[in-house]
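# Per-entry structural report
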Number of protein chains: 2
Amino acid sequence: MQLSSPEPGLDIPARPGDPLSAVATPALVIDLDAFEANVARMRDHAARLGVRLRAHAKTHKSADIAQAQVQGGGAVGICCQKVSEAMALVRAGVRDVLIANEVVAPRAIAGLIRIATRARVAVCADNPDNVAALSRAVMAARAEGAEGLELEVLVEIDSGAGRCGCAPGAAALALARAIDAAPGLRLGGLQAYHGAAQHIYDPVARAAALAGSIRAAAETRDAIRAAGLPCDRVTGAGTGSFAIEGASGVYTEIQAGSYVFMDADYARVADPAGGVTGGFRQALFVLATVMSTPATGRAVCDAGLKALAVDSGLPVVAEPAGVTYAEASDEHGTLADPAGRLALGETVMLVPGHCDPTCNLHDWYVCVRRGRVEALWPVTARGRVF
Amino acid sequence: MQLSSPEPGLDIPARPGDPLSAVATPALVIDLDAFEANVARMRDHAARLGVRLRAHAKTHKSADIAQAQVQGGGAVGICCQKVSEAMALVRAGVRDVLIANEVVAPRAIAGLIRIATRARVAVCADNPDNVAALSRAVMAARAEGAEGLELEVLVEIDSGAGRCGCAPGAAALALARAIDAAPGLRLGGLQAYHGAAQHIYDPVARAAALAGSIRAAAETRDAIRAAGLPCDRVTGAGTGSFAIEGASGVYTEIQAGSYVFMDADYARVADPAGGVTGGFRQALFVLATVMSTPATGRAVCDAGLKALAVDSGLPVVAEPAGVTYAEASDEHGTLADPAGRLALGETVMLVPGHCDPTCNLHDWYVCVRRGRVEALWPVTARGRVF
């Protein structure tokens, strides 16, 4: 999205130096102080836990943020979910990517091979037919001149989430053997990601769900090693669970992503100590303008379904107090304002229900410090879904 | 999103001429035969009803589709919801736009004035302070050289949807007077759009909800005219309601948008005759690939929340039969496949629950006829939310 002279309000939401009041709305806003604190906090968490941090870039899809995570945030590299997403970030300078997902469609495998010739890249697999296809693709690339190309492939197990992943134990071991035996592939370890556990609000119930996941990962790792195969990497975990997997002694790498921003749903995910998980601060907001005050107690803002993902609940109003976001339509958000605080043209700060798909709706992060726009960061891989 | 050499699977989902099997997934697919039939059918509906069609481009955000609607589809122009959306389409050649929404934020008003110097543009208002701000902006532009610039402003009433719009009757008349008296503005008529009625599945209940809306529009129009002000345009209506408002004798212009594509929710909106509303065909799909078959009865495809909007329900599986879309996560769709029909790498055709926000997730329409990609159309105004 490079334009020779992008116009604020038409092509870009703001220019660096603008006051917050001049930002075209709805806009995706990063509170830089909170963001930087979150990046440093996760670096410290990982160091304390003795695990590597491989930050998940699916949350932000931003080359600027990926670089911040790697350069000062303690990350050894990033995760992506999609080939096109990874390529967009590799082109922007990222050098080490785990595609924490299966890559199956022929065009996606072809893209994966393209990335592997430019950066360190690993991928997950849960099916022997897919392992064979990946191997054929690497060997075909070698035949076409990509000498010595090797693709690192991790066994993904379903450790309890009920989505992708082969069964732990024997099936996983068979897959590890298939990867190890496949020309052009290198066995890269084990992925066990329990996505469903991330958002269990109660810390005791969450730990219980993760206990089985950690046991499955440990048993599978041990079975792979007992067969004489390497399994130095056990990767997984997210913002809601990293403290538990990270302390397990089983996981060597954590894949948290949402910690950089947080969202309204993660604010409900409690720490055993009673705070919000990990002590992260809300750093992501959608700034909206009141565009109609049609009736007492009701105001309408300009941020609806195309500016905010609602799959994990409606946004929460951070400012002003006493106002709630009652209903989302495509381009409108209806606000309940019982005390009549909102006037036409005023702004509201919204906390998205779910950060990842909200960021994917926008082209730009408006990075703000002390009420002024400090930078505009592109959402580098926005819309790169394939 | 122009690239010197976009790569299929990394930058674009396909190239013209590709078979459907080579399209990188998830991809937003248009069935061109169904799309063209829908465009022609709405042209004929509008002619039969004796109303102007002003197709709503918020659905598709595509310059190619807007041109098809204007050039062969009987549309007098288009609607947009946002200033940046309208500007993207005007730059691509659209010449007549109604922003069927309020424009309030200062940067949005500045953008609106920019558009008004390049194309025929009208906008809605529901608040006298906003009318004054629009007037000031036009007069400032005149002072800076935009000689004779005039902005057409419509009174928007809340005819029952409970979102934006001033009250019908006296409040609307006062606003019409304010627009008429404001330097640089021209009173453009009345907007009465009952968004909440579009998706009432039962045709009798829908007609009942619209009866009050039509009455409010008629009474307000009459009040404006009785005051000696012009009200030649009464605009509103959508795909779920155009047949009723169009036949009312009150509306002169219908704003339907979804008819070009349809979606899983509109398939539930019944005609009085028992068919689907308007006789439109499903023309929009998301093509996805089975990326994991981890357990009997379960498959996982590569289209999740970032490829499909779920605010109006989960997608419906068009092909193959016997499969349902059970759960969406960010990059995955979990499919229930009780008969075990799906193999790894097979494709599924999904009908999105809600077309507008689904299109807004993608950069490209993959236009298909008889199993082959005929064209790639950019989603011109994708992400233009401000």
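Residues numbered from 1 in each chain as written. Chains lettered and ligands numbered in written order. Predicted model: local features only at pLDDT ≥ 70, side-chain atom pairs only at ≥ 80, totals over all residues. Heavy atoms only, no water.

### Here's the deal with the environment of Ala273 of chain B
The condition that has to hold: Comment: elements are numbered from the N terminus, with helices defined as DSSP H or I runs of at least four residues and strands as E runs of at least two.
With respect to the helices and strands, the residue Ala273 of chain B is situated in the loop between strand S9 (253-254) and strand S10 (284-295). Along the primary structure Ala273 of chain B and Ala178 of chain B are separated by 95 residues, whereas in three dimensions their C-alpha atoms are 44 Å apart.

### Brief notes about the relation of the copies chain A and chain B
Quick note on the threshold: Least squares is used to superpose the copies, and the fit set is the C-alpha atoms of residues whose pLDDT is at least 70 in both copies. Contacts are residue-level and defined by heavy atoms, with any inter-residue pair within 4.5 Å sufficient.
Once turned by 180° and shifted 0.0 Å along the axis, chain A lies on chain B with an RMSD of 0.0 Å. Overall, the copies show the geometry of a two-fold rotation axis. When the interface residues of chain A are mapped onto chain B, 100% of them again fall at the interface, so both copies present the same face.

### Regarding the side chain of Glu156 of chain A
Residues and elements named next belong to chain A. The test is simple: Three labels apply to residues, based on accessible area from a 1.4 Å probe with only protein chains included: buried if under 20% of the type maximum, exposed if over 50%, partly exposed otherwise in between. In this tally Asp and Glu are treated as negative and Lys and Arg as positive; neither His nor the chain ends contributes. Here, a salt bridge means any Lys or Arg side-chain nitrogen found within 4 Å of an Asp or Glu carboxyl oxygen. We define a polar contact as two N or O atoms separated by no more than 3.5 Å, with the added condition that, inside protein, one atom must be a possible hydrogen donor and the other a possible acceptor, whereas residues neighbouring each other in sequence contribute only through side-chain atom pairs.
Residue position: Glu156 is located in strand S6 (residues 151-156). The charged side chain of Glu156 is buried without a salt bridge, its nearest counter-charge being Arg163 at 5.9 Å. Polar side-chain contacts of Glu156 include one of 3.0 Å to the side chain of Gln191. Other than its neighbours up to four places away in sequence, Glu156 contacts Glu102, Cys124, Ala125, Asp126, Cys164, Gly165, Cys166 and Gln191.

### Focus on the sheet that holds strand S5 (residues 120-125) of chain A
Residues and elements named next belong to chain A. So the rule is basically this: Only strands that DSSP links by at least two bridges are regarded as paired with each other.
Taken in spatial order, the eight strands of this closed barrel run S2-S3-S4-S5-S6-S7-S8-S9, and their pairing is parallel. Relative to S5, strand S4 (residues 96-102) is paired through five bridges, and the arrangement is parallel. For Glu102, the partnering residue across the bridge sits in S5 and is Cys124.

### Focus: the nonpolar core
Threshold: Definition of nonpolar core: a set of buried residues of the types Ala, Val, Leu, Ile, Met, Phe, Trp, Tyr and Cys, connected through side-chain atoms within 4.5 Å.
Of all hydrophobic cores here, the largest spans 60 residues; its most connected members are Ile99, Leu112, Leu151, Val155 and Leu185 of chain B. Once residues lying within four places of it in the same chain are set aside, the contact partners of Ile99 of chain B are Cys80, Gln81, Lys82, Val83, Ala86, Leu112, Val121, Ala122, Val123 and Cys124 of chain B. Residues Val90, Val94, Val138 and Cys231 of chain A belong to the second largest nonpolar core, which totals 59 residues.

### Describing the packing of aromatic side chains
Quick note on the threshold: Only Phe, Tyr and Trp rings are paired, with Trp represented by its six-membered ring, and only when their centres lie within 6.5 Å; those with planes under 30 degrees apart are stacked, over 60 edge-to-face, the remainder tilted.
Counted according to the given criterion, the structure contains eight aromatic pairs over all chains. Ring centres 5.7 Å apart and planes at 70° place the aromatic pair Phe35 of chain B and Trp377 of chain B in the edge-to-face group. In this pair, Phe35 of chain B sits in helix H1 (residues 32-49) while Trp377 of chain B sits in strand S17 (residues 372-378), placing the two residues 342 residues apart along the sequence. Like Phe35 of chain B, the residue Trp377 of chain B is buried in the burial classification. An angle of 50° between the planes, with centres 5.6 Å apart, marks the rings of Tyr259 of chain B and Phe280 of chain B as tilted. Of this pair, Tyr259 of chain B sits in the loop between S9 and S10 while Phe280 of chain B sits in the loop between S9 and S10, placing them 21 residues apart in sequence. Pair check on accessibility: Tyr259 of chain B and Phe280 of chain B agree, each one buried. An aromatic cluster is built from Phe242, Tyr259 and Phe280 of chain A, whose rings are joined through pairwise contacts.

### A look at the sheet that holds strand S2 (residues 52-56) of chain B
Strands belonging to one sheet form pairs held by backbone hydrogen bonds; the direction of such a pair is parallel or antiparallel. Residues and elements named next belong to chain B. We count it as follows: For helices, the axis comes from a line fit to the C-alpha atoms of the stretch in contact; other axes are also lines fit to C-alpha atoms, and the angle between any two N-to-C directions lies between 0 and 180 degrees.
Strand order in the closed barrel formed by eight strands is S2-S3-S4-S5-S6-S7-S8-S9, with parallel pairing between adjacent strands. Pairing analysis gives three bridges linking strand S3 (residues 75-80) to strand S4 (residues 96-102), with the strands arranged parallel. Across the sheet, Ile78 pairs through a bridge with Val97, a residue of S4. In the packing of helix H6 (residues 170-181) onto the sheet, the strands contacted are strand S5 (120-125), strand S6 (151-156) and strand S7 (185-191), and the crossing angle to S6 comes to about 170°.

### Observations concerning helix H4 (residues 106-116) of chain B
All names here are of chain B. Counting buried positions over the 11 residues of H4 gives eight, a clear majority of the element. Listed as buried for H4 are Arg107, Ala108, Ile109, Gly111, Leu112, Ile113, Ile115 and Ala116. Buried residues along H4 sit against helix H3 (83-91), S4, S5, helix H5 (128-143) and S6.

### Some remarks on H3 of chain B
Residues and elements named next belong to chain B. Counting buried positions over the nine residues of H3 gives eight, a clear majority of the element. Where H3 is buried, its residues touch helix H2 (63-71), S3, S4 and H4. One or two positions beyond H3, positive phi appears at Gly93, with a value near 115°.

### Comments concerning the environment of His60 of chain A
Residue and element names in this part refer to chain A. Along the chain, His60 falls in the loop between strand S2 (52-56) and helix H2 (63-71). Put simply, His60 and Ala37 are 23 residues apart on the chain and 16 Å apart in space, counted from C-alpha to C-alpha. Residues contacting His60, with those up to four places away along its chain left out, are Ile65, Ala66, Gln69, Val260, Phe261, Tyr365 and Val379. There is a polar contact of 2.9 Å between the side chain of His60 and the backbone nitrogen of Ser62. A distance of 3.0 Å separates polar atoms of two side chains, one belonging to His60 and the other to Gln69.

### Considerations on the interface of chain A and chain B
The extent of an interface is frequently quoted as the accessible surface area lost upon association of the parts. Spelled out, the test is: We define buried area as the total accessible area lost by two parts upon association, computed with a 1.4 Å probe and summed across both.
The interface is formed by 72 residues belonging to chain A together with 73 residues belonging to chain B. Summed over both sides, the interface of chain A with chain B buries roughly 5900 Å², with 53% coming from carbon and sulfur. A per-residue breakdown of the area chain A buries against chain B is headed by Leu10, Arg107 and Phe386 of chain A, which together make up 14% of the total. Connecting chain A to chain B are 18 salt bridges. Elements with a contribution of two residues or more to the side of chain A that touches chain B: helix H3 (83-91), S4, helix H4 (106-116), helix H5 (128-143), strand S10 (284-295), strand S11 (298-301) and helix H9 (355-359) of chain A. A per-element tally of the side of chain A that touches chain B places S10 of chain A first, with six residues.

### Considering the confidence of the model for chain A
This is how it is decided: The predictor attaches a confidence to each residue, called pLDDT, with possible values from 0 through 100.
Residue-level pLDDT values for chain A average 96, and 99% of them are 70 or greater. Prediction confidence for the complex, expressed as pTM and ipTM, is 0.97 and 0.96 respectively.

### As for the environment of Gly249 of chain B
Mapped onto the secondary structure, Gly249 of chain B falls in the loop between helix H8 (242-246) and S9. Take Gly249 of chain B: its relative accessible area is 63%, and that puts it in the exposed class.

### Some details on the packing of H3 of chain B against H4 of chain B
Residues and elements named next belong to chain B. Put simply, the rule is: Here the word oblique covers every angle except those under 35 degrees (roughly parallel), over 145 (roughly antiparallel) and from 65 to 115 (roughly perpendicular). Take the far helix as the reference: if the near one is turned anticlockwise from it by less than a right angle, the crossing is left-handed, and if turned clockwise, right-handed. Just so you know the grouping, Ala, Val, Leu, Ile, Met, Phe, Trp, Tyr, Cys and Pro go in nonpolar, Asp, Glu, Lys and Arg go in charged, and all remaining residues, Gly too, go in polar.
The interhelical angle for the contact between H3 and H4, taken along N-to-C directions, is 25°, at an axis separation of 9 Å. Judged by the angle between their axes, H3 and H4 are roughly parallel. The handedness of the crossing between H3 and H4 comes out as left-handed. Facing Val83, Ala86, Met87 and Val90 of H3, the residues of H4 in contact are Ala108, Gly111, Leu112, Arg114 and Ile115. Of the residues contributing to the contact of H3 with H4, the split by class is seven nonpolar, one polar and one charged.

### Notes on the pattern of salt bridges
Throughout the structure, instances matching the rule amount to 56 salt bridges over all chains. A salt bridge links Arg54 of chain A to Asp96 of chain A; its shortest N-O distance comes to 3.1 Å. In this pair, Arg54 of chain A sits in strand S2 while Asp96 of chain A sits in strand S4, placing the two residues 42 residues apart along the sequence. Here the two residues Arg54 of chain A and Asp96 of chain A agree in accessibility, since each one is buried. For Arg43 of chain B, the salt bridge goes to Asp44 of chain B, with nearest N and O atoms at 3.1 Å.

### Description of the packing of H4 of chain A against H5 of chain A
Residue and element names in this part refer to chain A. Put simply, H4 and H5 touch, their axes get as near as 10 Å, and they point 50° apart. When the axes of H4 and H5 are compared, the pair comes out oblique. Where H4 crosses over H5, the two elements pack in a sense that is right-handed. Contact residues: Ile109, Leu112 and Ile113 in H4; Asn130, Ala133, Leu134, Ala137, Val138 and Ala141 in H5.

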